[in-house]
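The primary structure of each chain is shown beneath.
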Amino acid sequence: GIRGVTVSDVRGLGAQGGALERHAGSEFSEDKFVTKIKMEVVVSADQVELVIDTVLEEARTGEIGDGKIFVIPVADVIRVRTGERGLQAERMVGGRADILSSTT
C-alpha cells in the first residue's frame, strides 16, 4: 500500500565516528563523515506502525550503523502542478490503488 519511497545517498556522523586510515604508522581522517543511505517514506497514520515494524524486521543487524527511524507528522501535501492540497494532492491517479480497483 505504500506508493512512494525516496532513497538518497548521504554522508553523516554518528556512533561509528567516521573511518580512520593509517599511513606510515600514523592515523588520520580526511573526512569524518560516513556514507549512509537515507530512506524517506510518507504514509498515512494507520500505516506508520506496520512500516516501522517492517523496517525493523528487514534492516536490523544488531550492529552499530543499523540506523534510526524518525517519525515526523506531515502538516500538508500540495501538488505543485495543480495546486491541490490534502488528500486530493496525495492521491496518485493511475497508481497502484487505481490499477487494483479496475481489475476487480
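One can find the structure itself at the top, above this paragraph.
Here is a short report on the structure shown in this document.

About the criteria used
Residues numbered from 1 in each chain as written. Predicted model: local features only at pLDDT ≥ 70, side-chain atom pairs only at ≥ 80, totals over all residues. Heavy atoms only, no water. Helix = DSSP H or I, 4+ residues; strand = E, 2+ residues; numbered from the N terminus. Buried < 20%, exposed > 50% of the residue type's maximum accessible area, 1.4 Å probe, protein only. Contact = heavy atoms within 4.5 Å. Areas by Shrake-Rupley, 256 points an atom, 1.4 Å probe, with all protein chains shown as cover. 1 Å grid on protein atoms, 1.4 Å probe; cavity = no way out; pocket = protein on both sides within 12 Å on 5 of 7 lines; lining within 4 Å. Points joined across faces, edges and corners; volume = space filled by probe spheres on them. Salt bridge = Lys/Arg side-chain N within 4 Å of Asp/Glu carboxyl O. Patch = residues over 30% accessible without salt bridge, like charges linked within 9 Å, V, L, I, M, F, W, Y side chains within 5 Å. Lys, Arg positive; Asp, Glu negative; His and termini not counted. Charge placed at Lys NZ, Arg CZ, Asp CG, Glu CD.

## Brief notes about the overall build of the protein chain
Across its full length, the protein chain carries 3 helices and 4 strands. For the protein chain, the N- to C-terminal ordering of α and β elements is β-β-β-β-α-α-α. Going through the 104 residues of the protein chain one by one, you find that 8% of them count as buried. Once local pairs closer than 6 in sequence are excluded, the contacts in the protein chain between residues at least 24 apart make up 43%. Split by element, the accessible area of the protein chain, about 9000 Å² in all, is 55% carbon and sulfur.

## Overview of the layout of surface pockets
The space that makes up the largest pocket amounts to roughly 1400 Å³. In terms of lining, the largest pocket is formed by 33 residues, of which the most central are Lys38, Met39, Lys68, Ile69 and Phe70. At the level of elements, strand E4 (34-41) and helix H1 (48-59) are the ones that each hand at least two residues to the lining of the largest pocket. Volume-wise, the second largest pocket comes out at about 490 Å³. Lining the second largest pocket are 19 residues; nearest its centre among them are Arg3, Val42, Val43, Ser44 and Glu90. Breaking the lining of the second largest pocket down by element, the ones donating at least two residues are strand E1 (5-12), E4 and helix H2 (87-90).

## Quick look at the environment of Val77
Tracing the sequence through the fold places Val77 in the loop between H1 and H2. Setting aside its immediate chain neighbours within four residues, Val77 contacts Glu84, Arg85, Gly86, Ala89 and Glu90.

## A closer look at the pattern of salt bridges
Going through the model one piece at a time under the given rule, you end up with 2 salt bridges. Put simply, Asp76 and Arg85 hold a salt bridge, and the shortest N to O gap is 2.6 Å. For Asp76, a relative accessible area of 34% gives the class partly exposed. With its nearest N and O atoms 3.0 Å apart, the salt bridge here joins Arg79 to Glu84. You can call Glu84 partly exposed: its relative accessible area is 30%.

## So, a negative patch on the surface
Residues Glu49, Asp53, Glu57 and Glu58 make up a contiguous surface patch of negative charge. Along the polypeptide, Asp53 turns up in helix H1. The class for Asp53 is partly exposed, based on a relative accessible area of 44%.

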